[in-house]
Amino acid sequence: MTPRRTDPAEGDAALAAWAADPDAARRGVLAPAVRRTLELFAEEFPGGAVELRVPPFAAVQAIAGTRHTRGTPPAVVETDARTWLELVTGALSWADACAAGRVSASGERSDLSEQLPLPGPRRIARRAADAAGDGAMDGAASGGGA
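Everything numeric here is computed off the predicted structure, so don't read it as measured data.

**Quick notes on the packing of aromatic side chains**
All told, the structure shown has two aromatic pairs when counted by the stated rule. Residues Phe 41 and Trp 84 carry aromatic rings whose centres are separated by 5.8 Å and whose planes lie at 80° to one another, so their mutual orientation is edge-to-face. One end of the pair, Phe 41, is in helix 2 (residues 27-44); the other, Trp 84, is in helix 3 (residues 81-89), and 43 residues separate them in sequence. Both residues of the pair, Phe 41 and Trp 84, count as buried. Chaining the aromatic ring pairs together yields one cluster made of Phe 41, Phe 45 and Trp 84.

Next up, the structure:
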């Protein structure tokens, strides 16, 4: 199991704040939201075959398979905070993010289209967007774009 470093309530609240107004989110919201969702991803898909990086906030190892101990891992996925949060909540599809050049993914098992979005963060974001009266999460129902 992945050790928790982010308080779940703080991370969920940050994710909700981001979903309510993604354009206004600053580091104090992005950091705990990204860390919490990365931790959830690593818990849901344990392993060490893929290193998932969202600089400057965090990185986790996930997905079952070959585990590395030194140097660059066999598979790396890297993206920015907004793209990660859109992916994990379903506001952006994996295919659309890759096509737009918003994700760098290399190596075996680096295609996360089967793992994303995550149900918990998706629910939190949808509730927050609905409460804010914002249609930002409307694409999530179909898994479509941002």
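**Considering the packing of helix 1 (residues 8-20) against helix 5 (residues 119-132)**
At a closest axis distance of 8 Å, the pairing of helix 1 and helix 5 adopts a crossing angle of 50°. Our classification of the angle between helix 1 and helix 5 gives oblique. The element helix 1 and its partner helix 5 pack so that their crossing is right-handed. Between helix 1 and helix 5, the contacting residues are Asp 12, Leu 15, Ala 16, Ala 19 and Ala 20 on the first element and Pro 121, Ile 124, Ala 125, Ala 128, Ala 129 and Ala 132 on the second. Residues of the contact of helix 1 with helix 5, tallied by class, amount to 10 nonpolar, no polar and one charged.

**Things to note about the environment of Val 88**
Turning to its location among the elements, Val 88 is positioned in helix 3. Between the C-alpha atom of Val 88 and that of Gly 120, which follows or precedes it by 32 residues, the distance is 9.2 Å. Each residue touching Val 88, except ones within four places of it in the same chain, is listed here: Thr 37, Leu 116, Pro 117, Leu 118, Pro 121 and Arg 122.

**Description of the sheet that holds strand 4 (residues 103-106)**
Pairing within the open sheet is mixed, and its four strands lie in the order 2-1-3-4. If you trace the sheet from one side to the other, it starts and ends with strand 2 (58-62) and strand 4, each paired once. Neighbour-to-neighbour, the strand axes of the sheet open up by a mean angle of 10°, direction not taken into account. Sheet topology places strand 1 (residues 50-54) next to strand 2; five bridges connect them, and they run antiparallel. Of the residues in strand 2, the one forming a bridge with Arg 53 is Ala 59. Running at roughly 5° to strand 2, helix 2 makes contact with strand 1 and strand 2 of the sheet.

**Observations regarding the nonpolar core**
Grouped together as the largest cluster of nonpolar side chains are 37 residues, with contacts concentrated most on Val 34, Phe 41, Leu 52, Trp 84, Leu 85, Leu 112 and Leu 116. Looking at this core, the elements that each hand over two or more residues are helix 1, helix 2, strand 1, strand 2, strand 3 (75-79), helix 3, helix 4 (94-99) and helix 5. Of the residues forming this core, the biggest block, seven residues, is contributed by helix 2.

**Quick word on the pattern of salt bridges**
Across all of its chains, the model carries seven salt bridges by this definition. With a closest N to O distance of 2.9 Å, Asp 12 and Arg 36 form a salt bridge. You can see Asp 12 sitting in helix 1 and its partner Arg 36 sitting in helix 2, a full 24 residues away along the chain. When its relative accessible area of 23% is taken as the criterion, Asp 12 is described as partly exposed. With a relative accessible area of 9%, Arg 36 lands in the buried category. The partner of Arg 53 in a salt bridge is Glu 78, and the shortest N-O contact between them spans 3.9 Å. Taken together, the residues Arg 53 in strand 1 and Glu 78 in strand 3 connect sequence positions 25 residues apart. What you see here is one network of salt bridges that share partners, running through Asp 23, Arg 82, Glu 86 and Arg 102.

Conventions used here
Residues numbered from 1 in each chain as written. Predicted model: local features only at pLDDT ≥ 70, side-chain atom pairs only at ≥ 80, totals over all residues. Heavy atoms only, no water. Phe/Tyr/Trp six-rings, centres within 6.5 Å; stacked < 30°, edge-to-face > 60°. Helix = DSSP H or I, 4+ residues; strand = E, 2+ residues; numbered from the N terminus. Buried < 20%, exposed > 50% of the residue type's maximum accessible area, 1.4 Å probe, protein only. Axes fitted to C-alpha atoms, helices over the stretch in contact; angles between N-to-C directions. Parallel < 35°, antiparallel > 145°, perpendicular 65-115°, else oblique. Left-handed = near helix turned anticlockwise from the far one by under 90°. Contact = heavy atoms within 4.5 Å. Nonpolar A, V, L, I, M, F, W, Y, C, P; charged D, E, K, R; others polar. Pairing = 2+ DSSP bridges. Core = buried A, V, L, I, M, F, W, Y, C linked by side-chain atoms within 4.5 Å. Salt bridge = Lys/Arg side-chain N within 4 Å of Asp/Glu carboxyl O.

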